[in-house]
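The primary structure of each chain is shown beneath.
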Amino acid sequence: MQLLRSGDPNTRIHELSPTQILDLKGFPSYLLGSSAKIEKSKEIGVLSRVLYFTPGIFCSAADTGCLLACLGHTSGRMGLPDSFTARDKRSAFFLKHEDAFIERLKAEIHLLKADSLLHGLRPAVRLNGSSDLAWERRFPEVFQQFPDVEFYDYTKIFPRAMQALGARPSSVPWPENYRLTYSAGSDDRLARQVLESGGTVAVVFHPNIPSSWLGAQVLDGDVHDVRYLDPGGSVVGLKAKGIAKVDVTGFTRRPCPDCGPEHELQFLLGIRRDGTVRTKHSCDRCRSELEASIRDPYRNRLLPDQSAHQGMGL
Ligand code: SF4
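On a predicted model such as this, the values are computed, not experimentally measured, just so you know.

Calculation notes
Residues numbered from 1 in each chain as written. Predicted model: local features only at pLDDT ≥ 70, side-chain atom pairs only at ≥ 80, totals over all residues. Helix = DSSP H or I, 4+ residues; strand = E, 2+ residues; numbered from the N terminus. Rg over C-alpha atoms; globule rule 2.2 N^0.38 Å. Buried ≥ 20, exposed ≤ 12 C-beta atoms within 10 Å, placed from the backbone. Contact = placed C-beta atoms within 7 Å. Near = placed C-beta within 6 Å. Nonpolar A, V, L, I, M, F, W, Y, C, P; charged D, E, K, R; others polar. Pairing = 2+ DSSP bridges. Axes fitted to C-alpha atoms, helices over the stretch in contact; angles between N-to-C directions. Parallel < 35°, antiparallel > 145°, perpendicular 65-115°, else oblique. Left-handed = near helix turned anticlockwise from the far one by under 90°. Domains from an automatic or database assignment. Core = buried A, V, L, I, M, F, W, Y, C linked by C-beta atoms within 7 Å. Expected span 1.5 Å × (residues − 1).

1. Section: the overall build of the chain
- A tally of helices and strands in the chain yields 11 helices and 15 strands.
- Relative to the 2.2 N^0.38 estimate, which gives 20 Å for 314 residues, the radius of gyration of the chain is 20 Å and therefore close to what a compact globule would have.
- Expressed along its principal axes, the backbone C-alpha trace of the chain runs to roughly 55 × 45 × 40 Å.
- Within the span of the chain, comprising 314 residues, buried residues form 42% of the whole.
- Of the contacts formed within the chain by residues at least 6 apart in sequence, a portion of 68% connects residues at least 24 apart.

2. Remarks on the site of the ligand
- Around the ligand, 13 residues are found, and the nearest of them are Gly56, Cys59, Ala62, Cys66 and Cys70.
- Taken together, the residues of the shell around the ligand sort by class into six nonpolar, five polar and two charged.

3. Describing the pairing of strand β4 (residues 150-155)
- Within β4, six of the six residues are buried, which leaves it mostly tucked inside the rest of the structure.
- Both faces of β4 are covered, namely the face carrying Glu150, Tyr152 and Tyr154 and the face carrying Phe151, Asp153 and Thr155.
- Here two bridges tie strand β3 (residues 122-126) to β4, and the two strands are oriented parallel to one another. Looking across to β4, one finds that alanine 124 is bridged to glutamate 150.

4. Description of the packing of helix α1 (residues 18-25) against helix α5 (residues 81-96)
- With their axes 8 Å apart at the nearest point, α1 and α5 run at an angle of 130° to one another. Of the possible angle classes, the one that applies to α1 and α5 is oblique. The hand of the α1/α5 crossing is left-handed. Residue-level inspection shows Pro18, Thr19, Ile21, Leu22 and Lys25 of α1 in contact with α5, the latter providing Thr85, Asp88, Lys89, Ala92, Phe93, Leu95 and Lys96.
- Looking at side-chain class alone, the contact of α1 with α5 contains six nonpolar, two polar and four charged residues.

5. Structural notes on the domain arrangement of the chain
- What the domain assignment lists for the chain is domain 1 (18-253) and domain 2 (254-314).
- Averaged C-alpha coordinates put domain 1 and domain 2 at centres separated by 28 Å.
- The partner domain 2 presents 17 residues to the 16 residues of domain 1 that form the contact.
- Going through the elements one at a time, β7 (212-213) and β10 (252-253) are the ones with two or more residues in the side of domain 1 that touches domain 2.

6. Quick look at the nonpolar core
- Ranked by size, the top nonpolar core spans 69 residues in total, and within it Val125, Tyr182, Val201 and Val203 carry the most contacts.
- The element best represented in this core is strand β6 (residues 201-205), accounting for five residues.
- Apart from the residues lying within four places of it in its own chain, the contact partners of tyrosine 182 are Thr155, Phe158, Ala161, Ala191, Val194, Gly199 and Val201.

7. Structural notes on the pairing of strand β14 (residues 276-282)
- Of all seven residues in β14, five are buried, a share of seventy percent or more.
- Bridge count for β14 against strand β15 (residues 289-295) is seven bridges, and the pairing is antiparallel. The partner of histidine 281 across the bridge, within β15, is leucine 290.
- Linking two consecutive strands that pair antiparallel, namely β14 and β15, is a turn of six residues; a positive phi of about 70° is found at arginine 287 within it.

8. Focus on the environment of methionine 1
- Note that methionine 1 resides in the segment before α1.
- Sequence separation between methionine 1 and phenylalanine 58 is 57 residues; the distance between their C-alpha atoms is 9.0 Å.

9. Points about α5
- End to end, α5 covers 22 Å across 16 residues, agreeing with the expected 22 Å (1.5 Å per residue, within 8%).
- All of the buried residues in α5 are Phe84, Arg87, Asp88, Lys89, Arg90, Ser91, Ala92, Phe93, Phe94 and Leu95.
- For α5, the elements touching its buried residues are α1, α4 (71-74) and α6 (98-119).

10. A look at unusual backbone geometry
- With an omega of 5°, the peptide bond running from histidine 206 to proline 207 counts as cis.
- Among the structural elements, proline 207 can be located in the loop between β6 and β7.
- Not every positive phi belongs to a glycine, and leucine 214 is a case in point at roughly 50°.
- Note on placement: leucine 214 falls in the loop between β7 and β8 (216-220).
- At arginine 287, a position not held by glycine, the phi torsion is positive, near 70°.

In structure tokens:
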């Protein structure tokens, strides 16, 4: 399988072969993990688990903004050595021993089912916690073997999102127990098509989640992670965290606080990096301004589309 680029500053997946990673670090102790937000799912009766690979390397539609801001390496404890090493080990295990990986994954889903029975909860699995693999194509037996488990994922691959809705032809039948949420990129027309086809669209907002976007109701996607319960035709609003707050690629949307959710702050006045990354955006209609800053996790490794703005206006 071709390895794509990663925005994770700590991964060693491009320096070492899968064999070297497994020899140096060993095999992962588990495949399905959790997170603070995943744990919130228990409050609505769902026991959910998530598979985290090295972010980006299996994401064919990832762009600069999402690679840098991916929650798979920026959120919570994801930047700690145990976490990034575990993601590399899982990725190496998958690349080197695919059959054994899938058998291990199925065993962990069986364990999840047992745990959910014990606690009176419904089992659910996110296979693409930090990847965008077409599981329905490559491993359809995983869905068939667990018809009583709900599978759900975000995807940045527009045709996949439409196939999941039956709005585009697919050469494989879509699993009934697999639901996708489309992660909006910079092209609003694609997001609109998904919404009009009855799908759901995830959007990262800063500084606040608006009540509507593209005319659709926006749900607070930070309340829990059980995306397959979201009503079709709605937007899942996620509050920008970490580097997403200073995104300049269009990954993060900034509804104008004065002109309303349908008008976004698009006009970047400046970005400066001096140990911190600072951005300033302005509304081209009412001139409202919005500043953001975070400590620079990339230590001045400038991206091409950011360097053009360095030092302007700040
Ligand atoms: S496509 Fe999703 S999982 Fe992959 S790098 Fe982008 S945000 Fe992360």
